[in-house]
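Reading the structure
These are the residues of each chain, in order.
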Amino acid sequence: MAEIARTFGMSAGHIYNFFASKEAIIEAIVARDLEYLLALTAELRAACDVREAMVARAVDGIRDNLDPLAAGLKVEIVAEAARNPQVAEIVRRADEACRASLIETLRHVRTKDGRADDEAHLAMLAEALAAMFDGLLVRA
């Protein structure tokens, strides 16, 4: 809260004029990130060559996840989720939505390759990709 207040030149108490709680701030940040990821996966699925679009956007994802400022905030949110059940639920719901969209995107790639993977296999592929990008956050 102190860092947010300092960044925007206001008191920590003034922030609560815009958000009801610390959890509401975190929920807004998580929602913004989720909106971006859902739009990205929808964009990938709409591409003529989904695999090529995924590879092309991977470089952006790596760069974005290695940004220390953005990474620090995301790691702090995950740390807060470990202590706060309300934040854990916010993060869990966003993760489920993101994972479902990524699985759908992977299904498009695999179908165009002539493969019909079962849900468990697609879920494992999605988990591996998520782990890779989440790991970049920690490295940043």
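Quantities reported herein were computed from a predicted structural model and do not represent experimental measurements.

**Describing the overall build of the protein chain**
From N to C terminus, the protein chain includes seven helices and zero strands. Considering only C-alpha atoms, the protein chain reaches an extent of 55 × 30 × 25 Å along its principal axes. In the protein chain, which comprises 140 residues, the proportion classed as buried is 26%. By element, 62% of the accessible surface of the protein chain is carried by carbon and sulfur atoms, the whole surface being about 8900 Å². Taking the 17 positively charged and 23 negatively charged side chains of the protein chain as two groups, their mean positions are separated by 1 Å.

**Overview of the packing of helix H3 (residues 22-46) against helix H5 (residues 68-83)**
Close contact between H3 and H5 brings their axes to 11 Å; oriented N to C, the two are set at 125°. With respect to H5, the element H3 is oriented oblique. Pair H3 / H5 crosses with left-handed handedness. Residues Lys 22, Ile 26, Ile 29, Val 30 and Asp 33 of H3 lie in contact with H5, whose contacting residues are Leu 73, Lys 74, Ile 77 and Glu 80. Grouping the constituent residues of the contact of H3 with H5 by class yields five nonpolar, no polar and four charged.

**Overview of the confidence of the model for the protein chain**
Do not read the fine detail of predicted coordinates wherever pLDDT is low. Residue-level pLDDT values for the protein chain average 90, and 98% of them are 70 or greater. Looking over the protein chain, one finds the lowest element-wise mean pLDDT in helix H1 (residues 2-8), namely 80, and the highest in H3, namely 95.

**Side note on the nonpolar core**
Ala 5, Ile 15, Ile 25, Ile 26, Ile 29, Val 30, Leu 34, Ile 77, Ala 81, Val 87, Ile 90 and Ala 94 together form the largest nonpolar core, which totals twelve residues. If you list the elements that add at least two residues to this core, you get H3, H5 and helix H6 (85-112). The leading source of residues in this core is H3, at five residues. If we ignore the near neighbours within four places in the chain, the residues touching Ala 94 are Val 30 and Leu 34. Residues Leu 44, Ala 53, Leu 106 and Ala 126 belong to the second largest nonpolar core, which totals eleven residues.

**What about the side chain of Ser 101?**
Position of Ser 101 among the secondary structure elements: in helix H6. Apart from the residues lying within four places of it in its own chain, the contact partners of Ser 101 are Leu 38, Thr 41 and Arg 45.

**Some details on helix H4 (residues 50-65)**
With 16 residues, H4 should cover 22 Å at 1.5 Å per step; its first-to-last C-alpha distance of 21 Å lies within 8% of that length. Taken as a whole, H4 carries its principal kink of about 30° at Arg 57. Every buried residue of H4 is listed here: Val 50, Ala 53, Met 54, Gly 61 and Asn 65. The N-capping residue of H4, defined by a side-chain oxygen 3.3 Å from the backbone nitrogen of Arg 51, is Asp 49.

**Notes on the layout of surface pockets**
Estimates place the volume of the largest pocket at around 1300 Å³. Lining the largest pocket are 37 residues; nearest its centre among them are Leu 37, Asn 65, Cys 98, Phe 133 and Asp 134. The set of elements that each furnish at least two residues to the lining of the largest pocket consists of H3, H4, H5, H6 and helix H7 (119-139). Top element by residues in the lining of the largest pocket is H7. It accounts for ten residues.

Calculation notes
Residues numbered from 1 in each chain as written. Predicted model: local features only at pLDDT ≥ 70, side-chain atom pairs only at ≥ 80, totals over all residues. Heavy atoms only, no water. Helix = DSSP H or I, 4+ residues; strand = E, 2+ residues; numbered from the N terminus. Buried < 20%, exposed > 50% of the residue type's maximum accessible area, 1.4 Å probe, protein only. Areas by Shrake-Rupley, 256 points an atom, 1.4 Å probe, with all protein chains shown as cover. Lys, Arg positive; Asp, Glu negative; His and termini not counted. Charge placed at Lys NZ, Arg CZ, Asp CG, Glu CD. Axes fitted to C-alpha atoms, helices over the stretch in contact; angles between N-to-C directions. Parallel < 35°, antiparallel > 145°, perpendicular 65-115°, else oblique. Left-handed = near helix turned anticlockwise from the far one by under 90°. Contact = heavy atoms within 4.5 Å. Nonpolar A, V, L, I, M, F, W, Y, C, P; charged D, E, K, R; others polar. pLDDT = per-residue confidence, 0-100. Core = buried A, V, L, I, M, F, W, Y, C linked by side-chain atoms within 4.5 Å. Expected span 1.5 Å × (residues − 1). Bend = angle between axes of the 7 residues up to and from the residue. Polar contact = N/O pair within 3.5 Å; in protein donor to acceptor, adjacent residues only side chain to side chain. 1 Å grid on protein atoms, 1.4 Å probe; cavity = no way out; pocket = protein on both sides within 12 Å on 5 of 7 lines; lining within 4 Å. Points joined across faces, edges and corners; volume = space filled by probe spheres on them.

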